[in-house]
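Report on the structure
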Amino acid sequence: MNKSRNYKIRDESGDRKYFTQIPNMIVNHSTAYEQSLYLIMKRIAGENGTCYASQNFLAEKMVVDKKTVSLNIDKLLKRKWIMEF
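First things first, this report covers the structure right here in the doc. (Residues numbered from 1 in each chain as written. Predicted model: local features only at pLDDT ≥ 70, side-chain atom pairs only at ≥ 80, totals over all residues. Heavy atoms only, no water.)

1. Some thoughts on the overall build of the chain
When you go through the chain residue by residue, the secondary structure sums to four helices and three strands. When the helices and strands of the chain are read in sequence order from the N terminus, they spell out β-α-α-β-α-α-β. Each of the 85 residues in the chain was classed as buried or not, and the buried ones make up 34%. Across the chain, every contact between residues at least 6 apart in sequence was considered, and the portion connecting residues at least 24 apart equals 66%. (Helix = DSSP H or I, 4+ residues; strand = E, 2+ residues; numbered from the N terminus. Buried < 20%, exposed > 50% of the residue type's maximum accessible area, 1.4 Å probe, protein only. Contact = heavy atoms within 4.5 Å.)

Here's what the structure looks like:
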């Protein structure tokens, strides 16, 4: 079952077009999987902050299975680094 969910990236970094900046809080307080997922989602979200990528797509980009993506999305949601809408 490919459940489609949309996420809003919480970011107050003020990054500029064509750059993806990751807050130090993410780097310092997360696992490599969480960092990879956040980076990919943030890059996709771009200036408007909305990521519409499927879990299958994210898993493919991270070279992991969909369960790993799902578990790490839950972690990012719990920390309020991303928001579901």
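2. Some details on the nonpolar core
Ranked by internal contacts, the top residues of the largest apolar core, which has 19 residues, are L37, Y38, M41, L58, V69, I73 and I82. Every element with two or more residues in this core is listed here: β1 (7–9), α2 (32–45), α3 (55–62) and α4 (66–78). Of the residues forming this core, the biggest block, five residues, is contributed by α2. The contacts of I73, once residues within four sequence positions are left out, are R5, Y7, L37, Q55, L58 and I82. (Core = buried A, V, L, I, M, F, W, Y, C linked by side-chain atoms within 4.5 Å.)

3. Side note on the packing of α2 against α3
Each pair of packed helices can be summarised by the angle the axes make with each other and by the distance between the axes. At a closest axis distance of 10 Å, the pairing of α2 and α3 adopts a crossing angle of 120°. Comparing their axes, α3 and α2 come out oblique. In the packing of α2 onto α3, the handedness of the crossing is right-handed. Residue-level inspection shows Y33, S36, L37, I40, M41 and I44 of α2 in contact with α3, the latter providing F57, L58, K61 and M62. Classifying every residue of the contact of α2 with α3 by side-chain character gives eight nonpolar, one polar and one charged. (Axes fitted to C-alpha atoms, helices over the stretch in contact; angles between N-to-C directions. Parallel < 35°, antiparallel > 145°, perpendicular 65-115°, else oblique. Left-handed = near helix turned anticlockwise from the far one by under 90°. Nonpolar A, V, L, I, M, F, W, Y, C, P; charged D, E, K, R; others polar.)

4. Some remarks on the packing of α2 against α4
Here α2 crosses α4 at 85°, and the two axes come no closer than 10 Å. Compared by their axis directions, α2 and α4 come out roughly perpendicular. Residues Y33, E34, L37 and Y38 of α2 form the contact with α4, whose participating residues are T68, V69, N72, I73, K75 and L76. Residues of the contact of α2 with α4, tallied by class, amount to six nonpolar, two polar and two charged.

5. Focus: the sheet that holds strand β2 (residues 50–51)
Strand order in the open sheet made by the three strands is β2-β1-β3, with antiparallel pairing throughout. Two strands bound the open sheet, and with one partner strand each, they are β2 and β3 (82–84). (Pairing = 2+ DSSP bridges.)

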